[in-house]
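# Coordinate inspection notes
Below are the chains, spelled out letter by letter.
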Amino acid sequence: MSRFVSAAFCAIFVFSMNTANASAAYSAAAGKAVYDASCTTCHKTGLMGAPKGGDKAAWAPRISQGMDMLVSRSVKGYTGKLGMMPAKGGNPKLTDLQIGNAVAYIVQQSK
Ligand code: HEC
């Protein structure tokens, strides 16, 4: 019985953490596979003007915009001074969460 109660408390705690801080719910570890499959074409080599993953100077001003902006632009796509970031990296099958995870991975590698 007491084990059940403490498990329930843990679940409530984890759940409330998630809702309180939505952007912390993205997983860089889960995003690596998405990044490798769908983002490296441009972000590994700098193709089409894409900021390279791991290039701290290129990413610092972008990271300072905050996760919400980065994820929203990655999901919807946007055209900046350097080139065009296609919506979802051109892979519409990816979910918004998968894109968020991939962005978390890029950010982790680039700061
Ligand atoms: C066809 C090439 C291409 C692919 C594929 C691509 N990107 Fe990009 N991405 C770009 C370019 C070019 C920019 C820079 C646009 C600018 O700022 O001028 C960019 C910028 C970004 C930014 C910065 C946005 C900002 O606000 O500064 C993020 C985050 C990003 N990409 C995430 C991703 C993710 C995640 C994927 C894979 C799901 C991906 N990209 C796939 C070309 C690409």
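Above this note sits the structure.
All of these numbers come straight from a predicted model, not from anything done at the bench.

Now for the pattern of salt bridges. One pass over the full model with this rule turns up two salt bridges. In this structure, Asp36 and Lys32 form a salt bridge, with 2.8 Å as the shortest nitrogen-oxygen distance. In this pair, Asp36 and Lys32 both sit in helix α2 (residues 28-38), four residues apart, roughly one turn of the helix. Since its relative accessible area comes to 38%, Lys32 is described here as partly exposed. With a shortest N-O distance of 3.2 Å, Asp96 and Lys88 are connected by a salt bridge. When its relative accessible area of 43% is taken as the criterion, Asp96 is described as partly exposed.

A separate point is α2. Each α-helix winds once per 3.6 residues, and so residues spaced three or four apart point in a common direction. By the burial criterion, the buried members of α2 are Ala28, Gly31, Val34, Tyr35 and Ser38. Down the axis, α2 shows its buried residues gathered within 105° of arc, on one side only. Pointing more than 90 degrees away from the buried face of α2 are the exposed residues Ala29, Ala33 and Ala37.

Turning next to the site of the ligand. As a structural note, the neighbourhood of the ligand is formed by 27 residues, with Cys39, Cys42, His43, Tyr78 and Met85 the closest of them. Separating an oxygen atom of the ligand from a side-chain N or O atom of Gln65 is a distance of 2.8 Å. A distance of 2.9 Å separates an oxygen atom of the ligand from a polar atom in the backbone of Gly83. In this structure, the ligand is accommodated by the largest pocket. Ranked by the residues each element gives to the shell around the ligand, the list is headed by helix α6 (residues 96-110), at four residues. Class assignment for the residues of the shell around the ligand results in 16 nonpolar, eight polar and three charged.

It is worth spelling out the coordination of the iron atom of the ligand at this point. Distances from the iron atom of the ligand to its protein donors, His43 (NE2) and Met85 (SD), fall at 2.0 Å. One can describe the site at the iron atom of the ligand as octahedral: its six donor atoms subtend angles covering 87 to 179° at the metal. Here the residue His43 occupies a position in helix α3 (residues 40-43), and Met85 occupies one in strand β2 (residues 84-85), the gap between them amounting to 42 residues. Met85 gets classed as partly exposed once you look at its relative accessible area, which sits at 21%.

Turning our eyes to something else, we now look at the packing of aromatic side chains. In this description, a pair of aromatic rings is defined by centroid distance and the angle of the planes. Across all of its chains, the model carries one aromatic pair by this definition. Between Tyr35 and Tyr105, the ring centres sit 5.3 Å apart and the planes meet at 50°, which makes this aromatic pair tilted. With Tyr35 in helix α2 and Tyr105 in helix α6, this pair connects stretches of sequence that are 70 residues apart. In terms of burial, Tyr35 and Tyr105 fall into one category: buried. Here the guanidinium or amino end of Arg73 rests over the ring plane of Tyr78, the centre of that ring lying 4.2 Å away.

About the criteria used
Residues take numbers from 1 onward in each chain, read along the sequence in its written order. Since the coordinates come from a predicted model, pLDDT governs what is reported: local features require at least 70, and pairs of side-chain atoms require 80 or more to be given and counted, while whole-chain, interface and lining totals use all residues. With hydrogens and water excluded, all non-hydrogen atoms of the structure serve as input to the side-chain values. Between Lys or Arg on one side and Asp or Glu on the other, a salt bridge is scored when a side-chain nitrogen of the former is within 4 Å of a carboxyl oxygen of the latter. Helix and strand labels come from DSSP, where a helix needs a run of H or I of at least four residues and a strand needs a run of E of at least two; each type is numbered from the N terminus. Buried residues are those whose accessible area, probed at 1.4 Å on protein chains only, stays under 20% of the maximum for their type, while exposed residues exceed 50% and partly exposed ones sit between those limits. Here, the arc refers to the directions that run from the helix axis to the C-beta atoms. Any residue with a non-hydrogen atom lying within 4 Å of a molecule or strand is treated as near it. Throughout this description, a polar contact denotes any pair of N or O atoms lying within 3.5 Å of each other; where both atoms belong to protein, one of them has to be capable of donating a hydrogen while the other can accept it, and for residues adjacent in sequence the pair is counted only when both atoms sit in side chains. Using a grid of 1 Å spacing that covers the protein atoms alone, one calls a set of points a cavity when a 1.4 Å probe fits there but cannot get out, and a pocket when the set is open and has protein on both sides within 12 Å along at least five of seven lines; lining residues are those with an atom within 4 Å of a point. To decide whether a molecule occupies a pocket or cavity, check its atoms: if more than half lie within 2 Å of the grid points, it is inside. Charged residues are taken to be Asp, Glu, Lys and Arg, nonpolar residues to be Ala, Val, Leu, Ile, Met, Phe, Trp, Tyr, Cys and Pro, and polar residues to be all remaining types, Gly included. Coordination here is defined by N, O and S atoms within 2.8 Å of the metal (3.2 Å for Na, K and Ca), and since water is not considered, a site can look incomplete. Four donors are marked tetrahedral only if all angles between them lie between 85 and 135 degrees, whereas four are marked square planar and six octahedral if opposite donors are more than 155 degrees apart and the other angles lie between 65 and 115; the remainder are marked irregular. Any two rings among Phe, Tyr and Trp, with Trp reduced to its six-membered ring, count as a pair given centres within 6.5 Å; such a pair is stacked if its planes are under 30 degrees apart, edge-to-face if over 60, and tilted if neither. We call a charge positioned over a ring when the NZ of a Lys or the CZ of an Arg lies within 6 Å of the ring centre and within 35 degrees of the ring normal.

Honestly, that's just the spatial picture; any functional story needs more than this.
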